[in-house]
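Observations on chain architecture
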Amino acid sequence: ITEGDWNDFCKGWSFDVANGDSNAAAVMEGVASNNNNNSNTATDPASNGNNNNVTKLLTLSTGLPKLDENVTCVGFPQGGTQISVTRGVVSRIDVDSQYVLRIQIDAAINPGNSGGPVFDEQGQVVGIASSHLRGAGNIGYIIPSKIVSNFLQMCKDNDEVKVEDRFSGLGALVVQEESIEDSKHVPGIPNLAILGSQTLESKALRHNLGLDELDILGGVRIVGSLNNNNNDSFHTGDRLDGDDVLLSINGIPIGMDGTIQLSETRPDERINFRSLVTCQRVGSKVTLDVLRKKERKELSVSLNMSRFLVPQYDDFDAIPLYLVVGGCVFTPLSLPLVSEKKSNKSTSFSRYYRDQRSGNEQMIVLSKVLNDEVNVGYHGWKNLVLKSVNGFEPKNIQELVDVIVRKMEGEMMNFRCTVVGEQDADYVICMSEQEVIHSENRVLQRHMIASWCSME
């Protein structure tokens, strides 16, 4: 689930699905790889010393724990080398920034706990330790077993899993199956392709949207759609539009505050309505009850993932993509790259964070200029958006490399860049092609860079 810590916990253990039950992981207890006998069998206490394989089941809980329910967190956090056990209670159930269900507990979760199981009083796994809130006391978060089970089932359904889209920034996986012509994405976080929603506590707004006439008490207003860029491949089927009022998802009514009941047996606990979507599989269809222009409609929406122009995450085990030309460092813009600046100020790039792409587009930026005599006059330039190179307009970092290697003509290299918000203003970096070539080894050695571009 998360890398590193869970691998240490699982040394000598093998995992499979027990008897086709997607909610149970069959664990064959073995011997750690550093033992002398190198055996992978365990002794059954009831077998009088005979080496019979013993299967123990770690069962994933099918429901959500109740508030104030006792939980036990197991893992290998910092501070020691032996297994650690901490206990606490369920403090809250809500969603994260991606509207994915999460559980807050007050049991201590520290670096090293990530990926370890969290058990309830019956010994079932209610979730996987994920993170804690910095600067706060005993606020930890776990991924509910409901989400974990969905993730494992998606992985189990495949014949071959590989990275499907390196430009997604979401680590999207694809499953190739012989039985179907089209590949399906697993796993991923689906969404409704909307820019946001607005609560409807205002009586005047509800009257203006026609809710009072139909005696409708709940619903949220859709503020805008991500499909306005004419990207028909983003979502298939019906779509939500701006000014639609979303009343229910799969028959579950949405309150005017944008929340739904956590479950039928827990009506007093409410959670953001988007959790109904993010707990689905990518490609699933959901039924939406919508009020559009004061007329009630039923929409069938096929869920897909967002494909952001500026990736919100790096791919799993990703190597940073870059290109160094005459000391000018070009790289695709991503939120992790912006975070590396470690600035608390809002960035001008934020206007692009919600933009969707239709293909393999990337936003290429001049990250920095490595000072050298070949780039005198451009020292200190950074955070500029690349528009063109000698008239070519590369759509991504791979096309930029192709332009530099195969399509350069003339004696000069002209990089035209722009400042965010000043698209009509060109800033030109002009360098001699021969000087750029001769400076390559000097620049790389001076700044201890292994190659002029990433090996990817």
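First, a word on what this report is: a plain description of the structure on this page.

Parameters and conventions
Residues numbered from 1 in each chain as written. Predicted model: local features only at pLDDT ≥ 70, side-chain atom pairs only at ≥ 80, totals over all residues. Heavy atoms only, no water. Helix = DSSP H or I, 4+ residues; strand = E, 2+ residues; numbered from the N terminus. Expected span 1.5 Å × (residues − 1). Buried < 20%, exposed > 50% of the residue type's maximum accessible area, 1.4 Å probe, protein only. Contact = heavy atoms within 4.5 Å. Pairing = 2+ DSSP bridges. Axes fitted to C-alpha atoms, helices over the stretch in contact; angles between N-to-C directions. Salt bridge = Lys/Arg side-chain N within 4 Å of Asp/Glu carboxyl O.

1. Some thoughts on helix α7 (residues 433-446)
Here α7 is 14 residues long and its end C-alpha atoms lie 20 Å apart, about the 20 Å a rise of 1.5 Å per residue gives. If you check which residues of α7 are buried, you get Glu433, Val436, Ser439, Val443 and Leu444. Buried residues along α7 sit against β24 (323-325), β28 (412-419) and β29 (422-432). Looking one or two residues past α7, Met448 carries a phi angle of roughly 55°, positive in sign.

2. Topic: the sheet that holds strand β6 (residues 101-105)
The antiparallel closed barrel is built from 6 strands, whose spatial order is β4-β5-β6-β9-β8-β7. Put simply, the sheet's adjacent strands are angled 45° from each other on average, direction ignored.

3. A short note on the pattern of salt bridges
Per the counting criterion, the structure on display carries 13 salt bridges. A salt bridge links Arg296 to Asp289; the shortest N-O distance between them is 2.7 Å. Judged by its relative accessible area of 17%, Asp289 is buried. Note that Arg446 is salt-bridged to Asp372, the shortest N-O span being 3.0 Å. Residue Arg446 is located in helix α7, and its partner Asp372 is located in the loop between β26 (364-369) and β27 (384-389); the two are separated by 74 residues in the primary sequence. Taking the relative accessible area as the measure of exposure, Arg446 reaches 43% and is therefore partly exposed. What emerges from the salt-bridge pattern is a single network uniting Asp372, Glu373, Arg442 and Arg446.

4. Regarding the sheet that holds β24
An order of β24-β25-β26-β27-β28-β29 is seen for the 6 strands of this open sheet, with the pairing classed as antiparallel. The open sheet has two edge strands, β24 and β29, and neither has a second partner. On average, adjacent strands in this sheet sit at an angle of 40° to one another, irrespective of strand direction. Pairing between β27 and β28: 4 bridges, direction antiparallel. Directly across from Ser388, in β28, lies its bridge partner Arg416. The sheet contacts of α7 involve β24, β28 and β29, and relative to β29 the element is tilted by about 80°.

Geometric descriptors of this kind do not, in isolation, establish any biological role.
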